[in-house]
Protein chains: 2
Amino acid sequence: MGKEIASRKEDYSQWYNDLIIKGGLADYSAVRGCMVIKPYGFALWENMRDVLDKMFKDTGHQNAYFPLLVPKSLFEKEEENAEGFAKECAVVTHYRLKVNPEKKGSLMVDPESKLEEELVIRPTSEAIIWNTYKGWIQSYRDLPLLINQWANVVRWEMRTRLFLRTAEFLWQEGHTAHATADEAIAETKQMLDVYATFAEEFMGMPVIKGVKSPNERFAGALDTYCIEALMQDGKALQAGTSHFLGQNFAKAFDVKFSDKENKLDYVWATSWGVSTRLIGALVMAHSDDDGLILPPKLAPIQVVIVPIYKGDEQKKAIDEKVAEIVSELKQRGIKVKYDDNENSRPGWKFAEYELKGVPVRIGIGARDLANSVVEVARRDTKEKKSYPMEGLSDSIVSLLDDIQKSIYNKASAFREQNITKADNWEEFVKLLDEKAGFISAHWNGTGETEDEIKNLTKATIRCIPLNNPQEEGACILTGQPSKERVLFARAY
Amino acid sequence: MGKEIASRKEDYSQWYNDLIIKGGLADYSAVRGCMVIKPYGFALWENMRDVLDKMFKDTGHQNAYFPLLVPKSLFEKEEENAEGFAKECAVVTHYRLKVNPEKKGSLMVDPESKLEEELVIRPTSEAIIWNTYKGWIQSYRDLPLLINQWANVVRWEMRTRLFLRTAEFLWQEGHTAHATADEAIAETKQMLDVYATFAEEFMGMPVIKGVKSPNERFAGALDTYCIEALMQDGKALQAGTSHFLGQNFAKAFDVKFSDKENKLDYVWATSWGVSTRLIGALVMAHSDDDGLILPPKLAPIQVVIVPIYKGDEQKKAIDEKVAEIVSELKQRGIKVKYDDNENSRPGWKFAEYELKGVPVRIGIGARDLANSVVEVARRDTKEKKSYPMEGLSDSIVSLLDDIQKSIYNKASAFREQNITKADNWEEFVKLLDEKAGFISAHWNGTGETEDEIKNLTKATIRCIPLNNPQEEGACILTGQPSKERVLFARAY
C-alpha cells in the first residue's frame, strides 16, 4: 500500500536512505556527491535555521555574507588550515566557456579565460573572513566582533551520504574576534551551549558536550569543542563544533588592535558551525521502521487532518468542521494541514504521513462528527485515542508538548544504556563488535595511540567530556597511566 | 565631523559608492568583482527576503535547494540559455590542491585531480532544476510544481559595481512547471505583480511593469516580463524579471506529463528572480547628499534614540525614561536602538544615523525630560519636531507610516516628471543628453533598429509597458510605421 522501507535491523544504511528519499527530504542529483534538498526537507531546514538564527541574535551576533570564492594566495595563508582542507577543494581555473568548433551544440572551456590565480570554493571561510576583518578592526572599540554567516560550502568528499556527508552542504559559520583569550574561550563555550540547547530542546536529541583530542581538532584551532550524539545503530555523530582559534588567524592575516593603553596585540578568534548534517542526525535519532519521527518543535507539518467519508454530503459536513478545527489550531500557532486530496485513500495517507514523520494525525469521519470526537494518532508511539472536539486545541497543544518530551526521553534512555566502560583491550574490542555505543575508556593521551586504535578498530575518540571526572587508570592499548576516561565510538 | 560623502551633482557614481561603503552596507573584497555584505546591509537583505519569502509562500510556492555546481553536459542542453551564459561562467576543473614542492608554504592545483567533466558554478539554475524535475513530474497530478530557491550565483562580469553588478550575488529564483501555456503565463504575470507590489509597497519605489523586446529577453525565454525603476540620475534599473519559458526547457530535458486523458505532452515553464541588486536600487531611489534614506518597512533600525546629557545623574534619569520608551515601541513591533555609546558625541551620532538612513531619530535631553517631550527628527525631510511623551508610540507608528508613503510619493513624482515623449531622432538624442529618464518613443519593432539605437546612444528599450495604449506613429530612427510607443532609457 505505502512505500516500502528497509528495516533498521536488516539494512540500517538502506533504511536511512529510504527515509530520506521516500520521506521526501532530499533526492540524488546529477552532480557527483551533491544532493537536492526537496521542499519537505528544506522546510525542516528552515525551521532549524530560524531557531538557531534567533539564538545567535539573542547572544549578540549579526549576520553578514562573504564571497564564495577564495583566491589561492589567501587560502594558503594560515598553513595548518590550508593543508587541512587542500585535499578536498573544488578549484575554479577559468571564467568562460565557448562554443566548441569541433562539436555542434557543445561548449568547451575557453583556454584564453584561464585565471592568473586560481580560486577555491570555500570549504570554510576563515581565510576570506580574516582577510576582511583586517580592515574592520583597529581598536578595542571594534571588539568583540560577533558575526555569523549562512552559506553553502564545498568539500570534495570521496564517499558521500545524503545529508551526512555531501560535497556541497548548507551551514552556518560564526566567526568572532575578541580582545582577550578568556573572552574568546567564553564565546567558544557559549556557542557550544547554544548548540547543545538546540539539539536537546528542539531536536529532542541528547548530546554530550566535550573537547576533541588533538588528532580530531579543526585544522588551525587550539581547541575544538563539540557536541556528540548517539545514533540508533550505536554509532556516534558529531553534531556541531565550536573552535577556539587562538591568535593563529590574526597572525596569518595580521589583524591587530590597540587596547585601552594603546598597546598593539593580535586579536583572539573563534569559529563555530552546524550544517544540514543535523538533518541526518535528526532522522537517525528518532525514526523507526515505518518512517521518520520528527520532533514537534521542528516538524514542517505538526498536525495532519485526514477526512474519512462516503459521498459528497459527508465530505461537506466534515469540511465544515475541519475548517473550524484548522482555524483554532492555527490560532494556537500550530502548523496544520488538511489533506482532502481525492486521489488517495485514507489508508494510503495514514502510511504516507507516518513515513513523513508528522507528529500528530487527526482522523475524522461521519460517526466522529455525530459523536463530537476525532481520532488522534501520535506518530512516536503510534497510540490512537478518541478526543472530544470540545477543547481539542488545548489537547493537541499538550499532546505535541508531550511528544517532544517523550522522544527526547526515549533517545536519552537509549544513550544512557549505550555508554559502557571498558577497562582493557579485550573488553573494548568486544564491546565495539557486540554493543557499540560510546565506550568510556582510559588512553595514554598521545596521538599515536589514538591513530593505532583507529587503525585497529575504526573507533575514534569522540570527545573528552566537559567536567570529566578525574580517575587514575591504565590506557586500554598501551597500559600506560591515564588520568581520565574519554569517549570512544565508531562514528559517522 | 561625520564621514564625507560626494554630492550627487558632483559625482553621482562616487556618491553611490560612498553611501554603500560609508553607510556600512557592503565592502570591497579580495576577490575580483565580489563584495562583502556587511551586517547592516545584510540585515536589510534579510528584511527584504523575509517579506518576499512570505509573498511567495502565500502564492503557493515552496522553497528547495539545488546544487551549486552544474556539469557542463547538463548546462549545454538548452542551447540558447547555455550560449547566453557561457561567456560569464566560472568553471571548476580540479578538486584538490597539494603542497607545492618548489615553494615552501604554498599550495598548487594537483594536476591529478582534473575532473573528467568540468563543472560550471550556476549562473542561474534552469539546467540543474529541469534535469531534476524530469524525475519529479509524470502526471498532471504532479503539476503545477511551484518551487523557489534562495541561493548565490556567479556571473563573471567584466565591469562590476557594488550590489548593482557583482560576480557573485544573492538572489531567489522561482522555477515552476505547469500543464498548460495559459497557466504558465498566468504564473509569470502573477510573480511580476508580486515583485511590483514588493517594490512599491515595501521599497517605496514606483516601477513600470512591462515586457522586454526580443533583444533584451532572457536566454531561453519566449517572453520576459520586467519591472523597471528610475534612479535619481535619470537612468533606468531593471529590478526584477519573470520569464515565460514555454516548453524550451521541458524539451531540452525531456520533461513530459500525462494529462487526464493519458496523453503525453511537454510541461510549460516559468522562472523569475530578484537579487541583492534591489539594494542598489533602493539606495539610489531615495537617498540624498547626507546619506541613505531607507523605507521604514525594510529599515534594519526604524528608530534610533540618542541621549543628550551632562553627568551621570542626567544620564541615569534619561536611561530610565528611554527604557520605558524602548519597551513601548518594541511592543508595537518597532525596531528601535538606544545608542548611549559614550565614545561618540550626539552630533556625531546624528550624522551617522542620517548616513545610515534610519527613518526616525529621537533626541532626549534633561530639559525634554522635565517638559515630558522628546525631539523627533525624520530622515527623509529632515523635519524636527517636539513630541509629547504621552502617546509617543502612537505618534511614531503613524510617523513611520507617513514616511513610507512620503518617500514613495516623492519617487513617484520624480518618475512622472521624467517620462517624456520624443517624436523624432533629434528630440530623442537631445532628451537623452539633457534630461534622461524614460523616453517614450516609436520604434519599428526590429532588433536591428534597437541595436543601432543602442550603438548610437547607449539607450535600450527598457520595456513595452503592459496595457500599452496603441497609437500610430513613426519609428524615431527609421521613420517606419509603428503601432505603439515603447520606453527607452540608459540603464544600469
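Residues numbered from 1 in each chain as written. Chains lettered and ligands numbered in written order. Predicted model: local features only at pLDDT ≥ 70, side-chain atom pairs only at ≥ 80, totals over all residues.

Quick notes on the overall build of chain A
Looking only at helices and strands, one finds 14 helices and 26 strands in chain A. Computed over the C-alpha atoms, the radius of gyration of chain A is 26 Å, within 12% of the 23 Å expected from 2.2 N^0.38 for a compact globule of 492 residues. The principal-axis extent of the C-alpha atoms belonging to chain A is close to 80 × 70 × 55 Å. Taking all 492 residues of chain A together, 48% fall into the buried category. Across chain A, every contact between residues at least 6 apart in sequence was considered, and the portion connecting residues at least 24 apart equals 68%. (Helix = DSSP H or I, 4+ residues; strand = E, 2+ residues; numbered from the N terminus. Rg over C-alpha atoms; globule rule 2.2 N^0.38 Å. Buried ≥ 20, exposed ≤ 12 C-beta atoms within 10 Å, placed from the backbone. Contact = placed C-beta atoms within 7 Å.)

Regarding the sheet that holds strand 19 (residues 360–365) of chain A
All names here are of chain A. In spatial order, the strands read 18-17-19-20-21; together these five strands make up an open sheet with mixed pairing. Unpaired on one side and paired on the other, strand 18 (336–338) and strand 21 (384–388) mark the two borders of the sheet. Put simply, the sheet's adjacent strands are angled 25° from each other on average, direction ignored. Bridge analysis of strand 17 (residues 303–308) against strand 19 gives six bridges, and the strand direction is parallel. Bridging from a neighbouring strand, Val 303 pairs with Val 360 of strand 19. Here helix 9 (residues 311–331) sits on the sheet and contacts strand 17, strand 18 and strand 19; the angle it forms with strand 17, its principal contact strand, is near 170°. On top of the sheet, helix 12 (residues 392–417) reaches strand 17, strand 19, strand 20 (373–378) and strand 21; it is set at about 10° to strand 20, its chief contact. (Pairing = 2+ DSSP bridges. Axes fitted to C-alpha atoms, helices over the stretch in contact; angles between N-to-C directions.)

Some words on the domain arrangement of chain A
Residue and element names in this part refer to chain A. Segmenting chain A into domains produces domain 1 (12–70 + 128–286), domain 2 (303–405) and domain 3 (419–489). On a C-alpha basis, the centroid separation for the pair domain 1 and domain 2 is 38 Å. If you look at the interface, domain 1 gives five residues, while domain 2 gives four residues. Tallied by class, residues from the side of domain 1 that touches domain 2 come to one nonpolar, three polar and one charged. (Domains from an automatic or database assignment. Nonpolar A, V, L, I, M, F, W, Y, C, P; charged D, E, K, R; others polar.)

A look at the relation of the copies chain A and chain B
Between the two copies of this chain, the relationship is a rotation about some axis together with a displacement along it. The operation relating chain A to chain B is a screw motion whose rotation component is 180°, with 0.0 Å of axial translation and a residual RMSD of 0.0 Å. Viewed as a symmetry operation, the transformation between the two copies matches a two-fold axis. For chain A, the minimum C-alpha distance to the rotation axis belongs to Val 92 of chain A and amounts to 2.1 Å. When you check the interface residues of chain A against chain B, 100% turn up at the interface there too, and the contact is symmetric in its surfaces. (Least-squares fit on C-alpha atoms with pLDDT ≥ 70 in both.)

Some details on the sheet that holds strand 20 (residues 373–378) of chain B
Residues and elements named next belong to chain B. Taking strand neighbours across the sheet as the criterion, the five strands line up as 18-17-19-20-21 in an open arrangement whose pairing is mixed. Both outer strands of the open sheet, strand 18 (336–338) and strand 21 (384–388), are each paired with one neighbouring strand and no more. When strand polarity is set aside, the average angle formed by the axes of neighbouring strands in this sheet is 25°. Where strand 19 (residues 360–365) and strand 20 come together, four bridges link them in antiparallel fashion. Looking at the pairing, Ile 362 lines up with Val 376 of strand 20. Each of strand 17 (303–308) and strand 19 touches helix 10 (residues 346–355); the most contacted strand, strand 17, lies at about 170° to it.

As for helix 2 (residues 39–58) of chain A
Residues and elements named next belong to chain A. Spanning 20 residues, helix 2 covers 28 Å between terminal C-alpha atoms, matching the ideal 28 Å at 1.5 Å per step. Along helix 2, the residues that are buried comprise Gly 41, Phe 42, Ala 43, Leu 44, Trp 45, Met 48, Leu 52 and Phe 56. After helix 2 finishes, the residue Gly 60 shows a positive phi value of roughly 90°. (Expected span 1.5 Å × (residues − 1).)

Observations regarding the interface of chain A and chain B
Counting from both sides, the interface comprises 56 residues of chain A and, opposite them, 57 residues of chain B. Among the residues forming the side of chain A that touches chain B, the class breakdown is 32 nonpolar, 11 polar and 13 charged. Summarising the sheet, strand 5 (residues 91–94) of chain A and strand 5 (residues 91–94) of chain B pair through three bridges and their orientation is antiparallel. In the sheet register, Val 91 of chain A faces strand 5 of chain B, and the bridge partner there is His 94 of chain B.

Comments concerning the packing of helix 2 (residues 39–58) of chain B against helix 6 (residues 181–202) of chain B
All names here are of chain B. Taken N-terminus to C-terminus, the directions of helix 2 and helix 6 make an angle of 145°; their axes are 11 Å apart at the nearest point. Once helix 2 is placed against helix 6, the crossing between them reads as right-handed. Packed against helix 2, whose contacting residues are Val 51, Leu 52 and Met 55, the element helix 6 presents Val 194, Phe 198 and Phe 202 at the interface. Here the contact of helix 2 with helix 6 is built from residues that sort into six nonpolar, no polar and no charged. (Left-handed = near helix turned anticlockwise from the far one by under 90°.)

Digging into the environment of Glu 450 of chain B
Residue and element names in this part refer to chain B. Relative to the elements of secondary structure, Glu 450 occurs in helix 14 (residues 447–457). Linking Glu 450 and Ile 461, residues 11 residues apart in sequence, is a C-alpha distance of 7.2 Å. The contacts of Glu 450, once residues within four sequence positions are left out, are Ser 213, Asn 215, Trp 443 and Ile 461.

Description of the nonpolar core
Looking at soluble globular proteins, one finds that nonpolar side chains tend to be buried together. Ala 199, Ile 227 and Ala 229 of chain A together with Ala 199, Ile 227 and Ala 229 of chain B are the most contacted members of the largest nonpolar core, which totals 306 residues. Once residues lying within four places of it in the same chain are set aside, the contact partners of Ala 229 of chain A are Ala 199, Met 205, Val 207, Leu 237, Ala 239, Ala 281 and Ala 285 of chain A. (Core = buried A, V, L, I, M, F, W, Y, C linked by C-beta atoms within 7 Å.)

Things to note about the pairing of strand 26 (residues 481–489) of chain A
Residues and elements named next belong to chain A. Relative to strand 26, strand 23 (residues 438–442) is paired through four bridges, and the arrangement is antiparallel. Looking at strand 26, one finds that His 442 is bridged to Arg 485. When strand 24 (residues 460–465) meets strand 26, the two strands line up antiparallel, connected through three bridges. If you follow Cys 463 over to strand 26, its bridge partner there is Leu 487.

Some points on the confidence of the model for chain A
Low-confidence regions, as indicated by low pLDDT, have predicted coordinates that should not be scrutinised in detail. Mean pLDDT over chain A stands at 96; residues scoring 70 or higher make up 100%. Across the interface, the model reports ipTM at 0.97; the global pTM reads 0.97. (pLDDT = per-residue confidence, 0-100.)

Some details on the environment of His 286 of chain A
All names here are of chain A. As for its placement among the helices and strands, His 286 is situated in helix 8 (residues 277–286). It is 8.2 Å that separates the C-alpha atoms of His 286 and Met 205, two residues lying 81 residues apart in sequence. If we ignore the near neighbours within four places in the chain, the residues touching His 286 are Gly 204, Ile 293, Ile 407 and Ala 411.

Brief notes about the environment of Tyr 387 of chain B
Residue and element names in this part refer to chain B. Within the secondary structure, Tyr 387 is located in strand 21. Look at Tyr 387 and you get partly exposed, because 16 C-beta atoms sit within 10 Å. Taking C-alpha positions, Tyr 387 is 6.3 Å from Glu 375, a pair spaced 12 residues apart along the chain. What Tyr 387 contacts, discounting residues up to four positions off in sequence, is Val 373, Val 374, Val 376, Leu 392 and Ser 395.

Re unusual backbone geometry
A negative phi angle characterises most non-glycine residues, just as the trans form characterises most peptide bonds. Residue and element names in this part refer to chain A. Between Leu 143 and Pro 144 the backbone carries a cis peptide bond, its omega angle lying at -10°. The phi angle at Phe 163 is positive, at roughly 65°, despite the residue not being glycine. When you line up the elements, Phe 163 lands in the loop between strand 9 (145–154) and strand 10 (168–178). In the Ramachandran plot, Lys 458 falls in the positive-phi region, its phi being about 65° despite a non-glycine side chain. Within the secondary structure layout, Lys 458 lies in the loop between helix 14 (447–457) and strand 24.

Overview of the pairing of strand 10 of chain A
Residues and elements named next belong to chain A. Within strand 10, nine of the 11 residues are buried, which leaves the element mostly enclosed by the surrounding structure. Across 10 bridges, the pairing between strand 9 and strand 10 is antiparallel. Each residue of the ladder has a partner; that of Gln 149, found in strand 10, is Glu 173. Summarising the sheet, strand 10 and strand 16 (residues 268–275) pair through eight bridges and their orientation is antiparallel. Looking at the pairing, Ala 177 lines up with Ala 269 of strand 16.

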